[in-house]
Amino acid sequence: MELIGLTMEEMEKVLVELGQPRYRAYQIMDWLYKKGVGDLGEMGNIPVSLRKQLQNAGWLLPSVRIRMGLSAQDGTKRYLFQLRDGQEVEGVFIPEDKRKTVCFSTQVGCGMGCAFCATGRNGLVRNLTAGEIVDQVLRIGHEEKARISNAVAMGQGEPLANYDQVIKAIRLLNADYALGITVRRLTISTCGLVPGIYRLAEEGLQINLAVSLHSTDPEKRDELVPVNKTYPLTLLYQACKDYAETTGRRVTLEYTMIKGENDREKDLQGLAAFAKGWLSHINLIPFNQVPGTTYGGSSKERMEYFRKHLRQLGIPVSIRESRGEEVWAACGQLRAALTFEGNGE
Ligand code: SAH
Ligand code: SF4
């Protein structure tokens, strides 16, 4: 049983069952989430007898262990985490001035099978627990001695396919007694699980939604993002618009630019038509090379061309800086890096 991932209510219950006063819950939460300790032994103001009680009852800490950290020139750092069952996931630390962002994983592997993504290559292994999700942010914050200001679910996995644990983790990342990250600085990225988008809209959270669009051509999107066969573009379009309307939050449309696949003139028109007239924002993403695919990235000029034309149409658009590429921390490369290490290459 994992201590990290418990809500205040759950922690109080654990303590009451152990015959302990309720206020101890606040103290333990403080050690777990504010101080980020990874060991019961470090909880100075908690009596040794209570620590023993927790240990004997089978409560474990931490949920993830840092196995390795790799820094890039730009300050981005990729972390490899080991889970209790030996599985591995990755998280990324992205410092930019005051903003300290953690990109975290929500599953081991991914079952969505997007054609250009390294994470999905070997399918879904398992869902992460809320504790394993939150602990990635905690470990990175502790290691970097940084107060994490932003967190994005853009590591391994499809967050909305692990809905309950991801939402529990989001609530802990946000809770004042836990990490205290403003919900407006939390982002969930989905490949387009339409029912999940509607469910999320009803949570009453002001969380940012990013949708991996990548193509507005039905056949091409079937190929690139196969979940399109289940939730086609017309449904996705409506879900995005409804999310923006219900929450008042701008929805980010992620568009990884792949040469000859989604960067033609008619793709530009399709993208503009999809994004126009509602609270959207397009994020053009440079393609990161993935071993074993024949896809290639669009040129910088082509990306600039898209940006210029979208902007002229009055559509908010940005080009994502691809950070940390030299340590394989960039999007879609996490799993590939693992495979490489596994091969000893
Ligand atoms: N599963 C979620 C979140 C993780 S992926 C999702 O798909 O949205 C984070 C982003 O990286 C997604 O927009 C994804 O489509 C994109 N991505 C995947 N592989 C990539 C690659 N090789 N190059 C650039 N972006 C990639
Ligand atoms: Fe999964 Fe996202 Fe990769 Fe698609 S892009 S396979 S949904 S992690």
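Criteria and cut-off values
- Residues numbered from 1 in each chain as written.
- Chains lettered and ligands numbered in written order.
- Predicted model: local features only at pLDDT ≥ 70, side-chain atom pairs only at ≥ 80, totals over all residues.
- Heavy atoms only, no water.
- Helix = DSSP H or I, 4+ residues; strand = E, 2+ residues; numbered from the N terminus.
- Rg over C-alpha atoms; globule rule 2.2 N^0.38 Å.
- Buried < 20%, exposed > 50% of the residue type's maximum accessible area, 1.4 Å probe, protein only.
- Areas by Shrake-Rupley, 256 points an atom, 1.4 Å probe, with all protein chains shown as cover.
- Lys, Arg positive; Asp, Glu negative; His and termini not counted.
- Charge placed at Lys NZ, Arg CZ, Asp CG, Glu CD.
- Core = buried A, V, L, I, M, F, W, Y, C linked by side-chain atoms within 4.5 Å.
- Domains from an automatic or database assignment.
- Contact = heavy atoms within 4.5 Å.
- Near = heavy atom within 4 Å.
- Nonpolar A, V, L, I, M, F, W, Y, C, P; charged D, E, K, R; others polar.
- Buried area = accessible area lost by both parts, 1.4 Å probe.
- Pairing = 2+ DSSP bridges.
- Right-handed = clockwise from strand over helix to strand, strands pointing away.
- 1 Å grid on protein atoms, 1.4 Å probe; cavity = no way out; pocket = protein on both sides within 12 Å on 5 of 7 lines; lining within 4 Å.
- Points joined across faces, edges and corners; volume = space filled by probe spheres on them.
- Polar contact = N/O pair within 3.5 Å; in protein donor to acceptor, adjacent residues only side chain to side chain.

An account of the overall build of the chain is needed here, citing residue identities and associated values.
When helices and strands are tallied, the chain shows eleven helices and twelve strands. Here the C-alpha radius of gyration of the chain, 21 Å, is about what a compact globule of 345 residues would show, namely 20 Å. Buried positions account for 54% of the 345 residues belonging to the chain. Just so you have it, the chain exposes about 15000 Å², and 49% of that area is on carbon and sulfur atoms. Within the chain, the 41 negative side-chain charges are centred at a point lying 4 Å from the centre of the 43 positive side-chain charges.

Account for the nonpolar core, with residues named and values stated.
Generally speaking, a soluble globular protein has its nonpolar side chains buried in company with each other. By size, the foremost hydrophobic cluster in this structure holds 99 residues, and its most contacted members are Leu32, Tyr33, Leu173 and Leu253. The element contributing the most residues to this core is helix α5 (residues 163-174), with seven residues. Here this core spans two domains, and each of domain 1 (8-56) and domain 2 (64-327) adds at least three residues to it. Not counting residues up to four positions away in its chain, the partners in contact with Leu173 are Phe104, Val134, Val137, Ala151, Leu179, Gly180, Ile181 and Leu186.

Account for the site of ligand 2, naming residues and giving values.
The immediate surroundings of ligand 2 are formed by Cys110, Met112, Gly113, Cys114, Cys117, Gly120, Gly157, Glu158 and Cys191. For the shell around ligand 2, the per-class residue count stands at five nonpolar, three polar and one charged.

I'd like a rundown of the domain arrangement of the chain, residues and numbers included.
Domains assigned within the chain are domain 1 (8-56) and domain 2 (64-327). Using only C-alpha atoms to locate each centre, domain 1 and domain 2 end up separated by 34 Å. Domain 1 puts ten residues into the contact, and the matching count from domain 2 is ten residues. With both sides pooled, the region where domain 1 packs onto domain 2 buries about 820 Å², and carbon together with sulfur makes up 52% of that total. On the domain 1 side of the interface with domain 2, the three residues burying the most area are Met8, Tyr33 and Lys34, jointly 58% of the side's total.

Go over the pairing of strand β8 (residues 186-190), please, and point to the residues and values.
Among the five residues of β8, five are classified as buried, and the element is accordingly described as predominantly covered. By the alternation rule, side chains of β8 split into Leu186, Ile188 and Thr190 and Thr187 and Ser189, which are all buried. With three bridges joining them, strand β7 (residues 150-153) and β8 adopt parallel strand pairing. Note on β8: the bridge partner recorded for Ala153 is Ile188. Across four bridges, β8 lies against strand β9 (residues 208-212) in parallel orientation. Bridge pairing links Thr190 to Val211 in β9. With helix α6 (residues 194-201) bridging β8 and the parallel β9, this β-α-β connection has right-handed handedness.

Which residues make up the layout of surface pockets, and what values go with them?
The volume enclosed by the second largest pocket comes to roughly 250 Å³. Lining the second largest pocket we find 13 residues, and of these Tyr33, Lys34, Ala146, Arg147 and Leu179 sit closest to its centre. Of all the secondary structure elements, the ones that give two or more residues to the lining of the second largest pocket are α2 (23-34) and α4 (130-144). Tallying contributions element by element places α4 first for the lining of the second largest pocket, with four residues. Looking at the lining of the second largest pocket residue by residue, the class counts come to seven nonpolar, three polar and three charged.

Got a sec to walk through the site of ligand 1? Specific residues and values, please.
Around ligand 1 lies a shell of 20 residues, among which Gly157, Ser189, Ser212, His214 and Asn288 are the nearest. A distance of 2.9 Å separates a nitrogen atom of ligand 1 from a polar atom in the backbone of Gly157. Take His214: an N or O atom from its side chain is 2.5 Å from an oxygen atom of ligand 1. Computed on the free molecule, ligand 1 has an accessible area of 530 Å², of which 96% lies beneath the protein chains in the complex. Elements represented by at least two residues in the shell around ligand 1 include exactly β8 and β10 (251-257). Split into classes, the residues belonging to the shell around ligand 1 amount to nine nonpolar, nine polar and two charged.

Tell me what's going on with the side chain of Gln20, and back it up with residues and numbers.
Tracing the backbone through its elements, the reader meets Gln20 in the loop between α1 (8-17) and α2. With relative accessibility at 19%, the residue Gln20 sits in the buried group. At 2.7 Å, the side chain of Gln20 and the side chain of Gln53 are in polar contact. If sequence neighbours within four positions are ignored, Gln20 has contacts with Leu15, Leu50 and Gln53.

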